[in-house]
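Residues per chain, in single letters:
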Amino acid sequence: MTGFSEFSQEILVMAILQECPPEEMEIANWIQEKSVAYSQGEMQKPLVSELWAIRGKANEVRVKKIASRSKLPLIWLDKSPGINGERGIDKLNGERGVLLLRDRVSPFIEQFQHPIGRCAKFYKLTAYNNCNFWCEYCYLYLTFRTQPVSTHFINYEKMYDEIIKFDKSKIPKTLRVLNLGELGDPLAVDYMTGFAKQIIPFMPEHAPKTRLLFLTKSDCVDDILHLDHGGQSIISFSVNTDVVFQQLEHRTASPDARIIAAAKAQKAGYEIRLRIDPIIFYSTWERDYVALVDKIFEYVQPARITIGEYRPSNGLANHISSRFPDSPLLKINRSLVKEGKKLRYPKNLRIKMFGTIIEAIKKYRSDIDIALCKEQPAIWKALCLDKKGLKCNCLS
Ligand code: SF4
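Cut-offs and rules
- Residues numbered from 1 in each chain as written.
- Predicted model: local features only at pLDDT ≥ 70, side-chain atom pairs only at ≥ 80, totals over all residues.
- Helix = DSSP H or I, 4+ residues; strand = E, 2+ residues; numbered from the N terminus.
- Contact = placed C-beta atoms within 7 Å.
- Pairing = 2+ DSSP bridges.
- Right-handed = clockwise from strand over helix to strand, strands pointing away.
- Axes fitted to C-alpha atoms, helices over the stretch in contact; angles between N-to-C directions.
- Buried ≥ 20, exposed ≤ 12 C-beta atoms within 10 Å, placed from the backbone.
- pLDDT = per-residue confidence, 0-100.
- Near = placed C-beta within 6 Å.
- Nonpolar A, V, L, I, M, F, W, Y, C, P; charged D, E, K, R; others polar.
- Core = buried A, V, L, I, M, F, W, Y, C linked by C-beta atoms within 7 Å.
- Expected span 1.5 Å × (residues − 1).
- Arc of directions from axis to C-beta.

(A) How the structure looks around the overall build of the chain. Within the chain, the secondary structure is distributed over 16 helices and 17 strands. Restricting the contact set of the chain to residue pairs at least 6 apart, pairs at least 24 apart contribute 78%.

In structure tokens, the structure reads:
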């Protein structure tokens, strides 16, 4: 909590409400319920139907091992595939229905830098580029617009060398976390690659001062439950309401399944964090997000919860529409307000949604660490949240 008085908080909230009266944006922001973009049949297909590998640029033994584990056809290519000219499901199948295996030439560990300083400079570990899930709001459609095929980097030896060097370097304790979930979902296809069960026990043995952060919408945790993780791996689940899941998070595990997986991982001694992000405004949002919080605390005691609202980059809409031409997000985008390079819900609506969710969380745990993802200081203040000693998803 800040020393911000209730009175000054009220004034701030009033100022924000005057800036964006709620009645102007409420209807326009509704998600179109019952408009699932793809049929259930399409959603039930396996996440990945083929493995691709680049000849001469991928360890052949490791490629064959992953191919045999996954039991999928393996196709060798001469060079990295680029953009396909398709639209809709064909485009998604061509990009996210396959998994490309290759060596990474760029560093595996890089520091994140938010363009306007709204986030800590955490470190990311890029074992995957892109993802095999099909969330309609995924910012990676824009990030990987020229190399859209989901990729797993398999020159683990280079990665391990970098981790050992990182562990020995003088980095403040709060930044000693390697985030595996910034450029992909690190557990989405782990049942095929078996990567998590190699890197998790590597840490206590070779990098005792560094932690790993797996951010996921998968529920595939069974392979990691019995590992010697030494308390150095954090499993963070991104959860949302059933409506958002059904409408927008295609091919992911259901929110219930993710919460049950979180409970299993917690029982196995992993630190569990949660993200409720992206929060989306629709007709029954209030009831649904409160029910989500109730469900969370029925099963799991997260160490931290980080929340954030739907905030697409300006250029994302074209990439969404080429894959999901009927996406409700395209309509929502038109009623968002511009803030720097992002579109966001008006401030008063953000405060209302965050406040509702925070209140529901605090009913269960008044002392829990709650953070807002990449949000303005004024919004933190309006919600009596303190940024000092920040404890959010991506920090130790
Ligand atoms: S799980 Fe994350 S990375 Fe994967 S599609 Fe959804 S938003 Fe993108």
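On we go.
(B) Just the pairing of strand S1 (residues 50–54), in detail. In this structure, S1 lies alongside strand S3 (residues 98–102), joined through four bridges in parallel fashion. Looking at S3, one finds that Glu50 is bridged to Val98. Here S1 pairs with strand S2 (residues 74–77) via four bridges, running parallel. Within the sheet, the bridge partner assigned to Ala53 lies in S2 and is Trp76. Once you follow S1 into helix H4 (residues 60–70) and on to S2, the crossover reads as right-handed.

(C) Fine view of the sheet that holds S3. In space, the five strands of this open sheet follow the order S2-S1-S3-S8-S6, with mixed pairing throughout. The open sheet has two free edges, formed respectively by S2 and strand S6 (128–129), since each of these has just one partner strand. Here S3 pairs with strand S8 (residues 151–153) via three bridges, running parallel. Each residue of the ladder has a partner; that of Leu101, found in S8, is His152. Against the sheet, H4 touches S1, S2 and S3, its axis set at about 180 degrees to S1.

(D) Fine view of unusual backbone geometry. The omega torsion of the bond from Asp277 to Pro278 falls at 5 degrees, within 30 degrees of zero and hence cis. One can find Pro278 in strand S13 (residues 271–279). A positive phi angle is found at Arg251, which is not glycine, with a value near 75 degrees. Following the sequence through the fold, Arg251 ends up in the loop between strand S12 (249–250) and helix H11 (255–267). Note on Arg251: 21 C-beta atoms within 10 Å, which makes it buried. One non-glycine residue with positive phi stands out, namely Cys384, at about 60 degrees. On the secondary structure map, Cys384 appears in the segment after helix H16 (377–382).

(E) Quick look at the sheet that holds strand S10 (residues 211–216). Spatial ordering of the open sheet is given by S4-S5-S9-S10-S11-S13-S14-S17, a layout of eight strands whose pairing is mixed. In this open sheet, the two strands that pair with only one neighbour each are strand S4 (109–111) and strand S17 (369–372). When the angles between neighbouring strand axes are averaged without regard to direction, this sheet yields 30 degrees. Bridge analysis of strand S14 (residues 304–309) against S17 gives four bridges, and the strand direction is parallel. Residue Arg304 lies in a different strand from S17, and its bridge partner there is Asp369.

(F) Region of interest: the confidence of the model for the chain. Scored by pLDDT, the chain has a mean of 89; 88% of the residues are at 70 or more. Below pLDDT 50 for its whole length, residues 1–24 participates in 27 contacts with residues either more than four positions away or in separate chains. Segment residues 32–36: pLDDT under 50, and eight contacts once partners within four positions in sequence are set aside and those in other chains are kept.

(G) The site of the ligand, seen in detail. Near the ligand, the surroundings consist of Cys131, Phe133, Cys135, Cys138, Leu140, Gly184, Asp185, Lys217 and Thr252. Of the residues in the shell around the ligand, the class split is five nonpolar, two polar and two charged.

(H) Expanded view of the nonpolar core. Core analysis: the biggest nonpolar cluster contains 97 residues, and Leu101, Leu212, Leu213, Phe214, Ile235, Ile276 and Ile357 have the highest contact counts within it. Not counting chain neighbours up to four residues away, the residues in contact with Ile357 comprise Ile276, Tyr289, Val293 and Ile307.

(I) Just helix H12 (residues 285–299), in detail. If you check H12, its first and last C-alpha atoms are 21 Å apart, about what 15 residues at 1.5 Å a residue would give, namely 21 Å. Within the sequence span of H12, burial applies to Trp285, Tyr289, Leu292, Val293 and Ile296. Projected onto a plane normal to the axis of H12, the buried residues spread over an arc of 95 degrees and lie on a single side. Facing away from the buried side of H12, by more than 90 degrees, are the exposed residues Arg287, Asp294 and Glu298. Those residues of H12 that are buried lie in contact with strand S11 (233–239), H11, S13 and helix H15 (347–364).

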